[in-house]
Amino acid sequence: MDTPGLDPVSVTGIVAGGANVIVFTTGRGSCFGCKPTPSIKVSSNTPLFDRMRDDMDLDAGTILAGRPIAEVGHDIFTEILAVASGKKTKSELQGLGDEEFVPWTVGPVL
């Protein structure tokens, strides 16, 4: 979906388009939650995952350590099914997501 790049604004557009579960990748550690739709956060590197265990749902950085991409993809798919079936994401467990629903402004944004 074509949405702006800022996390809350981008996901708001995706949710408005009908998404029921968000899989959100981050390399810097975006503390993002989205109350209208569960947001599964996937860290792109293990040091980030280790620093933010309470906020990251999955660690894709294990690929860099030699874990097959297919296995990590299977973990992501399994997590999507679990969350769609009622499992709470880390953001939901922390109560995050009230402030992240942000319709975007038409025109340039700095």
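Please read all numbers here as calculations on a predicted model, not as lab measurements.

Draft legend 1. Quick look at the sheet that holds strand β1 (residues 22-26). With parallel pairing, three strands are arranged side by side in an open sheet as β1-β2-β3. The strands lining the two open edges of the sheet, one partner per strand, are β1 and β3 (58-59). Bridge count between β1 and strand β2 (residues 39-43): five bridges; the pairing is parallel. By the bridge assignment, Phe24 is partnered in β2 with Lys41. Sitting on the sheet, helix α3 (residues 69-84) is in contact with β1, β2 and β3, with an inclination near 160 degrees to β2.

Draft legend 2. Structural context of α3. For α3, spanning 16 residues, the distance from its first C-alpha to its last is 22 Å, which sits close to the expected 22 Å at 1.5 Å a residue. Of all the positions in α3, only Val72, Glu79 and Val83 are classed as buried. Down the axis, α3 shows its buried residues gathered within 30 degrees of arc, on one side only. With respect to the buried face of α3, the exposed residues turned more than 90 degrees away are Ala70 and Ala84. Buried positions along α3 lie against β2 and β3. Two residues or fewer past α3, Gly86 is found with a positive phi of approximately 120 degrees.

Draft legend 3. How the structure looks around the confidence of the model for the protein chain. Across the protein chain, the average pLDDT comes to 86, with 86% of residues at or above 70. Of all secondary-structure elements in the protein chain, the lowest mean pLDDT belongs to helix α1 (residues 7-16), at 80, while α3 reaches the highest, 97.

The rules behind these values
- Residues numbered from 1 in each chain as written.
- Predicted model: local features only at pLDDT ≥ 70, side-chain atom pairs only at ≥ 80, totals over all residues.
- Heavy atoms only, no water.
- Pairing = 2+ DSSP bridges.
- Helix = DSSP H or I, 4+ residues; strand = E, 2+ residues; numbered from the N terminus.
- Contact = heavy atoms within 4.5 Å.
- Axes fitted to C-alpha atoms, helices over the stretch in contact; angles between N-to-C directions.
- Expected span 1.5 Å × (residues − 1).
- Buried < 20%, exposed > 50% of the residue type's maximum accessible area, 1.4 Å probe, protein only.
- Arc of directions from axis to C-beta.
- pLDDT = per-residue confidence, 0-100.

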